[in-house]
Amino acid sequence: MSSFVLLDARLFAGGADLTGDSNKIEISAEVEEKDRTNYYSGGYKEVLGGLASAELAGEGQWQAGDSGMVDDASWAQFAAVGAWSAGPDDCAVGDLAYFMKALRSDYKLGDAVGEVAPWTGTAKSTWPLVRGVFAHPPGTARSSSGEGTAQQLGAIAAGKRLYASLHVLSVAGGSAPTITVEIESDTEEAFEDTPETVLSFDAAAARGGQILRTDGTARTDTWYRPTWTITGSGPSFLFVVALGIR
């Protein structure tokens, strides 16, 4: 990806697509600097990396009246831990994604008379910030079971994990529609060599977000994809999936 102007960044918090309510998204990560300077340090400061943390901050225009709008979503998420995903593009499959499990730590709204009503908010990580790819786009409605396009993320070394976030943005249908999303892995892109289910999200019947990770054991599979099982009468779902290794 070459240099570009931020015109179409995306932000998802739980089951809310905050893109249309946002005009600024900032993601940051840092590691604490721990001093270990001593008499053998040769006159230079020595440091070790301590605890790591990450933060996602956003702001934009206030809206309310629906669980997918920023005010309703912010109050529902406040002081709660959930899935947050963002990307500097349009979330096509394979586009760059940043995501994490994070605490909704603050929310601010209001300004002076005559101003467009604003909001600002911050989410602080409880899991690592993951740099990965989007594996299912937000604008493609699904009404039947299926699978996504395979993404070559590489093998997972011991101590590393596969992370996946899911944001169910819209649920429609006549009779108890549900969607169950799983992440499969394989050694080849065609997924003909006995695919293995490595992560399974809880079945969802309403808007919401989830984030999962593997247990840290090594895996030799290099290809990953989401699959979804949809039930109910006349169902339709909009959802986003992001994958990454950290």
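As shown above, the structure is provided for reference.
This is a predicted model, so every value here is computed, not measured.

> Looking at this structure, I do not really get the overall build of the protein. What am I missing?
Scanning the protein for helices and strands turns up one helix and 16 strands. On C-alpha atoms alone, the protein measures out to a radius of gyration of 20 Å, which is about the 18 Å that the 2.2 N^0.38 rule sets for 246 residues. Referenced to the eigenvectors of the C-alpha coordinate spread, the extents of the protein come out at roughly 75 × 60 × 35 Å. Within the protein, buried positions represent 40% of all 246 residues. Carbon and sulfur atoms provide 49% of the accessible area of the protein, an area that totals close to 12,600 Å². Here the protein holds 18 positive side-chain charges and 32 negative ones, and the gap between their average locations is 7 Å.

> What exactly am I supposed to notice about a nonpolar patch on the surface here?
Taken together, the side chains of Trp62, Trp75, Phe78 and Leu109 define a hydrophobic patch exposed on the protein surface, amounting to about 430 Å² of accessible area. With respect to the secondary-structure elements, Phe78 resides in the loop between helix H1 (70-77) and strand S5 (81-87).

> What am I meant to see in unusual backbone geometry here?
What is expected of a backbone is that most residues other than glycine have negative phi and most peptide bonds are trans. The phi angle at Cys91 is positive, at roughly 65°, despite the residue not being glycine. Take Cys91: its relative accessible area is 1%, and that puts it in the buried class. The phi dihedral of Ala176 is positive, around 45°, even though this residue is not glycine. Mapped onto the secondary structure, Ala176 falls in strand S12 (residues 175-186).

> I keep staring at the pairing of S5 and nothing clicks. Help me out?
Two faces belong to every sheet, and in a regular strand the side chains alternate between them. Counting buried positions along S5 gives five out of seven residues, so the element sits mostly inside the fold. Judged from the four bridges that link them, strand S1 (residues 10-13) and S5 form a sheet pairing that is antiparallel. Within S5, the residue paired with Phe12 across the bridge is Ser85. Here S5 runs beside strand S6 (residues 96-109); their pairing, made up of six bridges, is antiparallel. Among the inter-strand pairings, Ser85 is bridged to a residue of S6, identified as Phe99.

> What exactly am I supposed to notice about the nonpolar core here?
Generally speaking, a soluble globular protein has its nonpolar side chains buried in company with each other. Ranked by internal contacts, the top residues of the largest apolar core, which has 20 residues, are Ile179, Val181, Ile183, Phe239 and Val241. Residue assignment for this core shows that the elements contributing at least two residues are strand S11 (162-172), S12, strand S13 (196-200), strand S15 (223-233) and strand S16 (236-245). Beyond its immediate chain neighbours, meaning those up to four positions away, Phe239 contacts His136, Pro137, Pro138, Arg142, Leu166, His167, Val168, Leu169, Ile179, Val181 and Trp228. Counting 16 residues, the second largest nonpolar core, distinct from the first, contains Ala16, Leu18, Ala73 and Ala102.

> Help me understand the environment of Asp202 in this model?
Among the structural elements, Asp202 can be located in the loop between S13 and strand S14 (208-213). Look at Asp202 and you get exposed, because its relative accessible area is 55%. Along the sequence, Asp202 and Ser165 sit 37 residues apart, while their C-alpha atoms lie 12 Å from each other.

> Can you help me understand the packing of aromatic side chains in this one?
Each aromatic ring pair is characterised by the separation of its centres together with the angle its planes make. Under the definition given, this model contains five aromatic pairs. On the basis of an interplanar angle of 65° and a centroid distance of 5.5 Å, the ring pair of Trp228 and Phe239 is categorised as edge-to-face. One end of the pair, Trp228, is in strand S15; the other, Phe239, is in strand S16, and 11 residues separate them in sequence. Aromatic rings pair up to connect Trp75, Phe78 and Tyr107 into one cluster. Above the ring of Trp127, the side-chain terminus of Arg213 is found at 4.1 Å from the ring centroid. Across from the ring centre of Phe191, 4.2 Å away, lies the NZ or CZ of Arg225, which sits over that ring.

> What is the right way to read the pattern of salt bridges from this model?
If the charged atoms of two oppositely charged side chains come close together, the side chains can form a pair. One pass over the full model with this rule turns up nine salt bridges. A salt bridge links Arg207 to Asp66; its shortest N-O distance comes to 2.7 Å. With Arg207 in the loop between S13 and S14 and Asp66 in the loop between strand S4 (47-61) and H1, this pair connects stretches of sequence that are 141 residues apart. Classification of Asp66 by relative accessible area gives partly exposed; the value is 33%. Overlapping salt bridges bring together Arg10, Asp17 and Asp90 as one network.

The rules behind these values
Position numbers for residues start from 1 in each chain and track the written sequence from start to end. Residues qualify for local features only when their pLDDT is at least 70, as the model is predicted, and side-chain atom pairs are given and counted only at 80 or more; totals for whole chains, interfaces and linings, by contrast, use all residues. Values shown for side chains rest on all heavy atoms present in the structure; no hydrogens or waters enter the calculation. Strands are runs of DSSP state E lasting at least two residues, helices are runs of H or I lasting at least four, and both sets are numbered from the N terminus onward. We compute the radius of gyration over the C-alpha atoms and compare it with the globule rule, which gives 2.2 Å times the number of residues raised to the power 0.38. Think of it in three bands: residues with accessible area under 20% of the maximum for their type are buried, residues over 50% are exposed, and the middle band is partly exposed, with areas taken using a 1.4 Å probe on protein chains only. Per-residue accessibility takes into account occlusion by the displayed protein chains alone, with areas from the Shrake-Rupley method and a 1.4 Å probe. All tallies of charge rest on Lys and Arg as positive and Asp and Glu as negative; His and the ends of each chain are not included. We put the charge of a Lys on NZ, of an Arg on CZ, of an Asp on CG and of a Glu on CD. Patch building starts from residues that exceed 30% relative accessible area and form no salt bridge, then joins like charges within 9 Å and nonpolar side chains (Val, Leu, Ile, Met, Phe, Trp, Tyr) within 5 Å. The salt bridge definition used is simple: a Lys or Arg side-chain nitrogen within 4 Å of an Asp or Glu carboxyl oxygen. Two strands are counted as paired when DSSP detects at least two bridges linking them. Throughout this description, the term nonpolar core refers to a set of buried Ala, Val, Leu, Ile, Met, Phe, Trp, Tyr and Cys residues connected via side-chain atoms within 4.5 Å. Only heavy atoms matter for contacts: two residues are in contact if any of them lie within 4.5 Å across the pair. Ring pairs shown here join Phe, Tyr and Trp side chains whose ring centres sit within 6.5 Å, with only the six-membered ring taken for Trp; geometry is labelled stacked below 30 degrees between planes, edge-to-face above 60, and tilted in between. Both a distance and an angle decide whether a charge sits over a ring: NZ of Lys or CZ of Arg must be within 6 Å of the ring centre and within 35 degrees of the ring normal.

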